[in-house]
Amino acid sequence: MVKVTYIDSSGVSRTIEVAPGVSVMQGAKQNDIPEITADCGGLRTCSSCHVYVDPQWMDKLQPMHKIENGLLAFKETRQPNSRLSCQILMTEDLDGLVVRTLPPEPDEDAND
Ligand code: FES
């Protein structure tokens, strides 16, 4: 098992253990971590699993796929350490990973 720490937008930190191969998004959903709604279930179509990765871990992540990059390109909240948590698969090398979650964005349909 490997550890992931999620720090929410109010500063509350939660650390869980997951098996290698589980995504950071799946770990959040399985452990009721708030602010990761993951509406598409990991299909790279929603970006509601957006997190900020602690900068010290960025070099250890798998490279970003162009689809992930394309989804994040539409996020006003994107930062250099933005990633989709459904695309981060936990490995032994990522044991201790720290991510910050963002509050869910208002439903785009609400602006209609
Ligand atoms: S859960 Fe939808 S893009 Fe990650």
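Bear in mind the structure is a predicted one, so any value in this text is a computation, not a measurement. (Residues numbered from 1 in each chain as written. Predicted model: local features only at pLDDT ≥ 70, side-chain atom pairs only at ≥ 80, totals over all residues.)

A. Quick look at the environment of Gly-42. Note that Gly-42 resides in the loop between helix H1 (24–30) and strand E3 (50–53). Between the alpha carbons of Gly-42 and Tyr-6 there is a distance of 18 Å; along the sequence they are 36 residues apart. Among all residues touching Gly-42, those that are not within four sequence positions of it are Ser-23, Met-25 and Cys-86. (Helix = DSSP H or I, 4+ residues; strand = E, 2+ residues; numbered from the N terminus. Contact = placed C-beta atoms within 7 Å.)

B. Molecular detail of the pairing of E3. In terms of strand pairing, E3 meets strand E4 (residues 82–84) through 3 bridges, oriented antiparallel. Looking at E4, one finds that Val-51 is bridged to Arg-83. Judged from the 3 bridges that link them, E3 and strand E5 (residues 97–101) form a sheet pairing that is antiparallel. Its bridge partner lying in E5, Val-53 is registered against Val-99. (Pairing = 2+ DSSP bridges.)

C. Here's a closer look at the environment of Asp-93. Take Asp-93: it is sitting in the loop between E4 and E5. A count of 12 C-beta atoms within 10 Å places Asp-93 in the exposed class. A sequence separation of 18 residues divides Asp-93 from Lys-75, and the C-alpha atoms of the two residues are 28 Å apart. (Buried ≥ 20, exposed ≤ 12 C-beta atoms within 10 Å, placed from the backbone.)

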